[in-house]
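So you can see what is in the structure, the chains are spelled out below.
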Amino acid sequence: MHCYIEFAKYQKWQTRELETSPKKQKKTIDESPGRATNDPSDASSVRTNATSIHTDALEHEKRPDGVKKDKRGKADENACKLSLETVWAARQEKDEIKEAARNARYAQQFELRKEEIALRKKEDARNEREDARRHFELDERVMLIDTSGMTDVQKQFYQAKQNEILARGLE
């Protein structure tokens, strides 16, 4: 009785009392010896009234959460917000890293292409110089050729070539 008096003040134990009272009432109504009736509709109406009173009382007085559940609820809320923020921040950071890496690759490719173009230009210039040198050597051989021992046709051919070389040189 001492415990009942102490716990009766708290809402948790008051709700417990409401939960258990309709069950006891059902047993006393159905099995009461002072009331001998065989009318089943009368007994069901008593049950329905007791049940409706029981559910109405539970709807108005909701049992408070326990300490563990209250802590878990706060932790879940905070953990959810924290984890969502953490995931979002991690994703943003990862996206920034990817973007920086992509930009670095693009810059590196751009530099490589610039170097490739510069190398092509150098190679083209070198090839042009080489072609000009070969052409000059051929022209020099044609100009320095000895035509004294050649036939008239060969002499005419080499003199025409020499005239072309001189005309190009004068232009």
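Residues numbered from 1 in each chain as written. Predicted model: local features only at pLDDT ≥ 70, side-chain atom pairs only at ≥ 80, totals over all residues. Heavy atoms only, no water.

Helices and strands together make up the secondary structure of the protein, namely five helices and zero strands. Counted from the first residue to the last, the protein has its helices and strands arranged as α-α-α-α-α. Burial statistics for the protein: of 171 residues in total, 6% are counted as buried. Of all intrachain contacts in the protein linking residues separated by at least 6 positions in sequence, the fraction that spans at least 24 positions is 48%. Here the protein has roughly 15,400 Å² of accessible surface; of this, 55% comes from carbon and sulfur atoms. (Helix = DSSP H or I, 4+ residues; strand = E, 2+ residues; numbered from the N terminus. Buried < 20%, exposed > 50% of the residue type's maximum accessible area, 1.4 Å probe, protein only. Contact = heavy atoms within 4.5 Å. Areas by Shrake-Rupley, 256 points an atom, 1.4 Å probe, with all protein chains shown as cover.)

Attention now moves to the pattern of salt bridges. Summed over the entire model, instances satisfying the criterion amount to eight salt bridges. A salt bridge links Glu130 to Arg133, with the nearest nitrogen and oxygen atoms 2.2 Å apart. Of this pair, Glu130 and Arg133 are both found in helix α4 (residues 67-144), three residues apart, which corresponds to roughly one turn of the helix. Measuring nitrogen to oxygen at the nearest pair gives 2.5 Å for the salt bridge that ties Arg133 to Glu137. Of this pair, Arg133 and Glu137 both sit in helix α4, four residues apart, which is roughly one turn of the helix. Judged by relative accessible area, which is 40%, Arg133 ranks as partly exposed. Judged by its relative accessible area of 37%, Glu137 is partly exposed. Each of Glu130, Asp131, Arg133, Arg134 and Glu137 takes part in a single network of salt bridges with overlapping partners. (Salt bridge = Lys/Arg side-chain N within 4 Å of Asp/Glu carboxyl O.)

A few words on the packing of aromatic side chains. All told, the structure shown has one aromatic pair when counted by the stated rule. A ring pair is formed by Phe157 and Tyr158, whose centres lie 5.3 Å apart and whose planes are at 80°; its orientation type is edge-to-face. Of the residues examined, Phe157 reaches a relative accessible area of 47% and is grouped as partly exposed. Relative accessible area serves as the criterion here: at 23%, Tyr158 is assigned to the partly exposed category. (Phe/Tyr/Trp six-rings, centres within 6.5 Å; stacked < 30°, edge-to-face > 60°.)

Taken over all residues, the pLDDT of the protein has a mean of 78, while the share at 70 or more is 64%. Element-level pLDDT for the protein is lowest in helix α3 (residues 40-60), with a mean of 53, against a maximum mean of 89 in helix α5 (residues 152-170). (pLDDT = per-residue confidence, 0-100.)

This next bit is on a nonpolar patch on the surface. A cluster of nonpolar side chains, namely Met1, Tyr4 and Ile5, defines an oily patch on the protein surface of about 390 Å² accessible area. Within the element layout of this structure, Tyr4 appears in helix α1 (residues 2-7). (Patch = residues over 30% accessible without salt bridge, like charges linked within 9 Å, V, L, I, M, F, W, Y side chains within 5 Å.)

Along the chain, Gln162 turns up in helix α5. For Gln162, a relative accessible area of 16% corresponds to the buried category. Sequence-distant contacts of Gln162, that is, excluding residues within four places in its chain, are made with Val142, Met143 and Ile145.

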